[in-house]
Every structure is written in structure tokens, then in C-alpha cells.
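# Chains, contacts and geometry: an overview
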Amino acid sequence: MARAKRRLVVVSNRGPFRMQIVGGRKRPVRAAGGLVAALDPVLRARGGVWVSTGDGDLPKDLRIDGARLPYEIAQVKLTRSVAEGYYEGVSNAMLWPIMHSMAATVRMTGPAFEDYATANRAFCEAVLASSKDSDLIWVQDFHLMLLPAMLRAERRRAHIGWFCHIPWPGSDIFRVLPWREAILQGLLGADLIGFHTEGYAQNFLRCVNDLVPAVHVDFSRMQIRHGRRTVRVVVAPIGVPLDAIQTLAADPRVSAEVERIQQWVNNRRIILGVDRLDYTKGIEQRLLAFEQLLRSDRAARNRYVMVQIMVPSRTDVKAYADLKTRIDQRVGDINGRYASAGRIPIQYFYRNLPPPQLYAHYRAADVALVTPLRDGMNLVALEYVACRMQGGGVLVLSEFAGAAEYLEGALRVNPYDVHDMATTLKAALAMTADEQEPRMHRLRAEVHKLDVHRWADGYIAQLER
Ligand code: GDG
């Protein structure tokens, strides 16, 4: 008889659902963002529990789209002051910029690290309470870097994994963090540590080698000897739920929406940007590149429209509010300068669109401009390709997104170089169908290899060993 699969415990800062007032009634809504898009389908297929922060307001038998959620939710409730230090003080203000190699953006607030540790401790207790020894515990991302060692202290034989959704920087940048060693020691409590790319994995190994005493790092086998334990490091690029995306993208309602979008933009050709509002995503530079195209080519003003979808994110953080203001001004400025009757150059959404509408935009877009300054992977690039089930379309992709390691069919740009982006955008728009199709064909094969179920199953199988 086949052995039953071990239960899976997913642990992440944000959970897959939160209660929100929709049409006057409080309902559970799915959170936006790469992590939830990736892991919800995995837990649905396998069963288990998802541990995350929350107010404890989700109903016990949560119903989503009329059906009972096939896994449990456990919520960790933090006090307001701990949540602030952990989430804002450390995760957003320090770890996020460092991990994206933007050291100049870091704001140091000393005592917040105690809150980060307290929050990780609260997660540890919640995981211990909702799991058993034989479960697989898969901790996600940079909010929970102390948790693996905390769990290890309580569960010596547990299978613990940690996955890094964002980049891992070089050791010269990582060492800016005052409690760099505590973080690395926290992670070394895991058995298996995963990254999107070989470069991030090697950076991590280098940090451990340089900053943690009494360990042996084997760079070629990607293993760390730590006391009596061996920690394995793996390259496991995340993907997207391909089947689900393609089924929805092919829905006749989405096709109708594609036509509506094309009419709405007066049949101009669409250049699409889709991002969480974040300074790592390179949105301002992208707007400047589009402006350069409009400035240099009069005909472009009648032919092309840029559609920028921006999902609100970290809205109570000042750096994000300031960025939003600058983007609003830039969009207003470009539209004011280049609009003509019935033709606004940039159509801009600042909200979360339902998936059918998002996928209709992917299908309607002639060019996707995915130009982060730095990005762990970037699922938008993959989703764009997934939605283009036949024919062409052009993906313009930043060389500093993890996805660029895997998507060779994309046109590559340096997002800091606005002139390079404007030139590449122009070249993308000039490509004939015969030039687009072989590239898109290649991209489809590349995205096919990055299916999210394969990512999760592969990672879990390694964790189970
Ligand atoms: C982190 C890492 C890594 C966007 N607009 C709407 C919407 N979205 C969805 C997209 C996509 C997700 O949000 C964004 O994923 P990304 O990967 O681009 O970026 P992060 O949120 O920063 O994710 C990243 C990822 O983790 C996974 O490891 O790739 O590098 O930073 O799925 O579709 N979804 C809906 N409406 C929108 O308007 N419904």
C-alpha cells in the first residue's frame, strides 16, 4: 500500500484570504501577489494548513466561490506595536531594500528587530499548535527568517523548508544588516533552502561562508555542514498555474472583454505594464521610456497606448505613498502633453482587477513591458506568455528579474537605461508577426517548464527525503 502523503504546513506572513466589505457585506477575498497565486492551488490539491498573520476573523468553514476551502487556515494575531516593528520596521524598511540590492533605501530602526523576533516566535507557537511531528513545514519568504531555527529547537526531527521569493544579494550588501548572523543562523534551522536562481543560491552560500563561524560550505554540491546537520540549498524557480490560467484565458467572457478593451483604446496597439506598486518594479523608468517614444515619434501618439495596471501595496508606508504621488504626477504630465481628442496615451488603473479582466489585458496587449529594477522571479512575465496561447506578442523583460534566467525568447533590457528601453520598445512594436511567433513559441515552451505545480511538487519531494 502506498504511504499516505505527509500533511503540508505552509507558513507565510500574509494568508491567502482576508475579510473585506464587498457590496455592503463582509466577504473573504483572495489576496493579490505572487505567493498566494502560487501556493493556494498546491494546498487545495494536497490538503493541510496555511499559517499566516490575521485578525482571527475568517470563519472556521471558509467558503470560497460557493465551495468549502479544502485546507485549514490558522491565524497569528500580533499586537499592533509588534506588527509594526516586524512588518514595517524590519521587513519593509530594511530587509526588502537590502535583498533587492538597494542599500541606500534602507531605514535603520534599531529596536524593531526585537519585534521581528517576537513575531517569528508567535508564528513558531502557531505552527507547533497546528501541526504534528510528521508534517512537512514549508516556511515562505523574508518575513520569517528566524522561524526555521526556532522550530528546529522544538522539533529536532521535523522536515523544515524555507523558500526565498525575492533575490538574495551579494555578501557585501547583505552584511549591511546589523543582525546578519542571527538571520543566517535562523535560516540554517531548515533542511532545505530554495531560491529562484543559481545566482541567488550562490550569493547565499557566500554569505554563510563569510558571516557565520564554524560552518563548512560546499559551493559545488550546494550544502552547508552546520553542527551535526547538513542544510541543502536548491535552485527551484517558481512558475504559474498554467492549466488554470489557460482555461480562464480561453473563456468566451474573456474574449468579449478583449474586444471591449480594444474598442476602448480605439484599436491602438497596447503596451502593457502590470505590477504591485513598488519601487523595485521600475514603473517610473518605464513611463519615461514610453514618453521618450512619444517624443521621438509623432506617429506613435496615434498608434500606441500604454495600459498600466498597478495594484495598491503597502499603502500606509510613506515611501510607497510618495512613489504613488510621483507616478500619478508623471502619468498626468505625459497625458497632459501628448493627449489628443479621444486618445489618452496612458490608461492607468490603480486597483486590483479580477483575474478575467487581468487576463483579457494580457491577451489584448501587443507588448508586455516587464521592467523591474530587481525582482526575485516575476510572475507577470510568465502569465503574459501563458495567456498568449497562439500567435505572437512580444515580452520585453528586465535582465534583473529572475525570470530573465529562464525566458530566452524575451527581448532583454536594462531598466536603469531609459534610452535602451525606449529603443527596445520601438523594436518590439516594429516586429512582424513572422518575427514574433517563433519567439513566442519558444517562450511558451519555457513557461511550460515552469509550471507552479511542478515547482511545489518538486520542492516538497526534496523536503520529504
Ligand atoms: C514576489 C516576488 C516573485 C497583479 N495585478 C493584479 C494581479 N496581480 C498579480 C499578478 C501576479 C502577482 O500579482 C504579482 O507577482 P510578481 O511575481 O510579479 O510579484 P510580487 O508580488 O512582488 O511577488 C516576485 C513572487 O513573489 C513569487 O515567488 O516572482 O519576484 O517579489 O500573479 O497576476 N492579480 C489580480 N488583479 C490585478 O490587478 N487578480
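Note that the structure is a prediction, hence the values are computed from the model and not measured.

Thresholds, definitions, all that
- Residues numbered from 1 in each chain as written.
- Predicted model: local features only at pLDDT ≥ 70, side-chain atom pairs only at ≥ 80, totals over all residues.
- Heavy atoms only, no water.
- Helix = DSSP H or I, 4+ residues; strand = E, 2+ residues; numbered from the N terminus.
- Expected span 1.5 Å × (residues − 1).
- Buried < 20%, exposed > 50% of the residue type's maximum accessible area, 1.4 Å probe, protein only.
- Pairing = 2+ DSSP bridges.
- Axes fitted to C-alpha atoms, helices over the stretch in contact; angles between N-to-C directions.
- Contact = heavy atoms within 4.5 Å.
- Near = heavy atom within 4 Å.
- Polar contact = N/O pair within 3.5 Å; in protein donor to acceptor, adjacent residues only side chain to side chain.
- Areas by Shrake-Rupley, 256 points an atom, 1.4 Å probe, with all protein chains shown as cover.
- Nonpolar A, V, L, I, M, F, W, Y, C, P; charged D, E, K, R; others polar.
- Domains from an automatic or database assignment.
- Salt bridge = Lys/Arg side-chain N within 4 Å of Asp/Glu carboxyl O.
- 1 Å grid on protein atoms, 1.4 Å probe; cavity = no way out; pocket = protein on both sides within 12 Å on 5 of 7 lines; lining within 4 Å.
- Points joined across faces, edges and corners; volume = space filled by probe spheres on them.
- Buried area = accessible area lost by both parts, 1.4 Å probe.
- Phe/Tyr/Trp six-rings, centres within 6.5 Å; stacked < 30°, edge-to-face > 60°.
- Lys NZ or Arg CZ within 6 Å of the ring centre and 35° of its normal.

### Observations regarding helix α3 (residues 112-130)
- Here α3 spans 27 Å end to end across 19 residues, near enough to the 27 Å set by a 1.5 Å rise per residue.
- Ala-112, Phe-113, Asp-115, Tyr-116, Ala-119, Asn-120, Phe-123, Cys-124, Ala-126, Val-127 and Ser-130 are the residues of α3 that are buried.

### Overview of the sheet that holds strand β7 (residues 72-76)
- If you walk across this open sheet you meet the nine strands as β7-β4-β1-β8-β9-β10-β13-β12-β11, and the pairing is mixed. Strands with a single pairing partner mark the edges of an open sheet, and in this sheet they are β7 and β11 (215-218). With direction set aside, neighbouring strand axes in the sheet form an average angle of 20 degrees.
- The sheet contact formed by strand β8 (residues 136-140) and strand β9 (residues 159-163) spans five bridges and is parallel. Directly across from Leu-136, in β9, lies its bridge partner His-159.
- Sheet strands in contact with helix α7 (residues 198-211) are β10 (192-195), β11, β12 (223-226) and β13 (229-235), and its direction is about 150 degrees off that of β13.

### Concerning the site of the ligand
- As a matter of local geometry, the ligand sits amid 24 residues, with His-165, Asn-352, Leu-353, Asp-375 and Glu-383 nearest to it.
- In this structure, Leu-353 approaches the ligand through a main-chain N or O atom, which is 2.5 Å from a nitrogen atom.
- Out of a free accessible area of 730 Å², the ligand has 92% covered by protein chains.
- Of all elements in the fold, only β14 (269-276), β15 (304-311), α13 (355-364) and α14 (379-387) reach the threshold of two or more residues within the shell around the ligand.
- For the shell around the ligand, the class distribution of residues is twelve nonpolar, seven polar and five charged.
- If you count residues domain by domain, the shell around the ligand takes at least three from each of domain 1 (8-238 + 453-464) and domain 2 (242-449).

### Remarks on the pattern of salt bridges
- Enumeration according to the criterion identifies 24 salt bridges in this entry.
- With a closest N to O distance of 3.3 Å, Lys-132 and Asp-135 form a salt bridge.
- Note on Asp-135: relative accessible area 1%, which makes it buried.
- A salt bridge links Arg-337 to Asp-333; its shortest N-O distance comes to 3.4 Å. Here Arg-337 and its partner Asp-333 are both found in helix α12 (residues 318-338), four residues apart, which amounts to about one turn of the helix.
- One salt-bridge network, in which partners are shared between bridges, spans Arg-7, Glu-72, Lys-132 and Asp-135.

### Notes on the environment of Thr-280
- Within the secondary structure layout, Thr-280 lies in the loop between β14 and α10 (283-296).
- In contact with Thr-280, other than residues within four places in its own chain, are Trp-96, His-100, Met-102, Pro-372, Leu-373 and Arg-374.

### What about the layout of surface pockets?
- Roughly 250 Å³ of volume is contained in the second largest pocket.
- Around the second largest pocket sit 13 residues that line it, and Pro-59, Lys-60, Glu-72, Ile-73 and Ala-74 are the ones nearest its centre.
- Take the lining of the second largest pocket: its biggest share by element is four residues, from β7.
- A breakdown of the residues in the lining of the second largest pocket according to their chemical character gives seven nonpolar, two polar and four charged.

### Topic: the domain arrangement of the protein chain
- The domain architecture assigned to the protein chain consists of domain 1 (8-238 + 453-464) and domain 2 (242-449).
- One C-alpha centre belongs to domain 1, the other to domain 2; they are set 29 Å apart.
- Tallying the contact residues gives 23 residues for domain 1 and 22 residues for domain 2.
- Between domain 1 and domain 2 the total buried area reaches about 1,800 Å² when both faces are included, carbon and sulfur atoms providing 60% of it.
- Linking domain 1 with domain 2 are zero salt bridges.
- Remark: the boundary between domain 1 and domain 2 carries five residue pairs in polar contact (both at pLDDT 80 or more).
- Per element, the largest residue contribution to the side of domain 1 that touches domain 2 is five residues, and it comes from helix α2 (residues 80-99).
- Considered class by class, the residues forming the side of domain 1 that touches domain 2 number twelve nonpolar, eight polar and three charged.

### Quick word on the packing of aromatic side chains
- With the rule as written, the count across this model stands at 22 aromatic pairs.
- Considering the side-chain rings of Phe-195 and Phe-204, the 5.3 Å spacing of their centres and the 40 degrees angle between planes classify their relative orientation as tilted.
- We classify Phe-195 as buried; its relative accessible area is 0%.
- On the basis of relative accessible area, Phe-204 is assigned to the buried category, the value being 0%.
- Each member of the aromatic cluster is reached from another via a ring pair, and the members are Tyr-86, Phe-113, Tyr-116, Phe-123 and Trp-179.
- Against the face of Trp-96 rests Arg-314, its NZ or CZ located 4.2 Å from the ring centre.
- For Lys-324, the ring lying beneath its charged end belongs to Tyr-350, and the centroid distance is 4.3 Å.

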